[in-house]
Amino acid sequence: MPEQLAAQIQHTLAALADPARAVAMRAYLREQFPFLGIPTPARRAALKPLLKVDFDQKRLLTAADQLWRLPEREYRYAAIDLLARHVGRLDLSAVAPLLALAQREPWWETVDGLAGIVGDVVRAARRNDPDAQITMDAALRHDCLWVRRIAMIHQLGWRLETDTARLFGYAEALAPENDFFIRKAIGWALRDYARWQPQAVRDFVAAMGERLAPLSASEATRRIS
């Protein structure tokens, strides 16, 4: 059961808590969130046996929700690891709950973890449904900047499967925003695609000119020779 899994994860991680290390981890995220003080390798090693569950989508999302209710950040990382491990069992109907999780006490580290899962779900769905990315079109217009960030970076790692019209269209739509995390996301998404099509990204940045923030432009082109 999802609740039982969440309780097992809580028990396992609580036993590994390191209050001294938690201080530094909390400081890294600007003192916004509590931590147990468990490094990622140790967390993943301890939880590896527990994440081998035979859950369908509903139970996966329920377990993630249960973990998200716990205060320390490592439980949310565990939820992301759980979802990522079983991402093949998620379909487009999971996108809305995933975006809802992203809006609960959000910061870049949980948002970006969920963005990778959303991207995998949408990418898989698009192979059978050419309209699958409409969910991201809606996310781009969302009131929450973190949801807009997910829309901007959801194609990371898609390589030549990237929908370039959406990549460049999303970047242009978000370019007027002043938020650091949006501007960084624009540059990150463009830089990722530049690994495969550098000239296309170079041309887009040039065409945008001053409409693209210097941060976005420099991030987009810093690995283009």
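Just so it is clear, the structure is predicted and the values come from calculations on it, not from any experiment. (Residues numbered from 1 in each chain as written. Predicted model: local features only at pLDDT ≥ 70, side-chain atom pairs only at ≥ 80, totals over all residues. Heavy atoms only, no water.)

Glancing now at the overall build of the protein. If you tally the helices and strands in the protein, you get 13 helices and zero strands. Ordered by position from N to C terminus, the α and β elements of the protein give α-α-α-α-α-α-α-α-α-α-α-α-α. Radius of gyration (C-alpha) of the protein: 18 Å, near the 17 Å computed for a compact globule of 225 residues. Considering only C-alpha atoms, the protein reaches an extent of 55 × 40 × 30 Å along its principal axes. A total of 225 residues make up the protein; the buried ones form 50% of that total. Counted over contacts in the protein with a minimum sequence separation of 6, partners at least 24 positions apart contribute 71%. Surface accessibility of the protein: about 10900 Å² in total, with carbon and sulfur atoms responsible for 53%. Side chains of the protein give 31 positive and 27 negative charges; the mean places of these two sets differ by 5 Å. (Helix = DSSP H or I, 4+ residues; strand = E, 2+ residues; numbered from the N terminus. Rg over C-alpha atoms; globule rule 2.2 N^0.38 Å. Buried < 20%, exposed > 50% of the residue type's maximum accessible area, 1.4 Å probe, protein only. Contact = heavy atoms within 4.5 Å. Areas by Shrake-Rupley, 256 points an atom, 1.4 Å probe, with all protein chains shown as cover. Lys, Arg positive; Asp, Glu negative; His and termini not counted. Charge placed at Lys NZ, Arg CZ, Asp CG, Glu CD.)

Quick look at the nonpolar core now. Ranked by internal contacts, the top residues of the largest apolar core, which has 79 residues, are Ile9, Leu83, Leu114, Ile117, Met152 and Val201. The element that contributes the greatest number of residues to this core is helix α11 (residues 180-194), accounting for eight residues. Aside from chain neighbours lying at most four places away, what touches Ile117 is Ile80, Leu83, Ala84, Val87, Leu90 and Leu98. (Core = buried A, V, L, I, M, F, W, Y, C linked by side-chain atoms within 4.5 Å.)

Close contact between helix α9 (residues 145-153) and helix α10 (residues 164-174) brings their axes to 9 Å; oriented N to C, the two are set at 150°. In this view, α9 runs roughly antiparallel relative to α10, as classed from their interaxial angle. In contact with Arg148, Ala151 and Met152 of α9, α10 contributes Leu167, Tyr170, Ala171 and Leu174. By residue class, the composition of the contact of α9 with α10 is six nonpolar, no polar and one charged. (Axes fitted to C-alpha atoms, helices over the stretch in contact; angles between N-to-C directions. Parallel < 35°, antiparallel > 145°, perpendicular 65-115°, else oblique. Nonpolar A, V, L, I, M, F, W, Y, C, P; charged D, E, K, R; others polar.)

Now for the pattern of salt bridges. Across all of its chains, the model carries 21 salt bridges by this definition. Across the salt bridge formed by Asp112 and Arg149, the nearest N and O atoms sit 2.8 Å from each other. A residue pair is termed long-range when its members are at least 10 positions apart, and Asp112 in helix α7 (residues 108-126) and Arg149 in helix α9 qualify at 37 residues. Each member of the pair, Asp112 together with Arg149, is buried. The salt bridge involving Arg222 is made with Glu219; its shortest N-O contact spans 3.4 Å. In this structure, a network of salt bridges that share partners links the residues Lys184, Arg191, Glu219 and Arg222. (Salt bridge = Lys/Arg side-chain N within 4 Å of Asp/Glu carboxyl O.)

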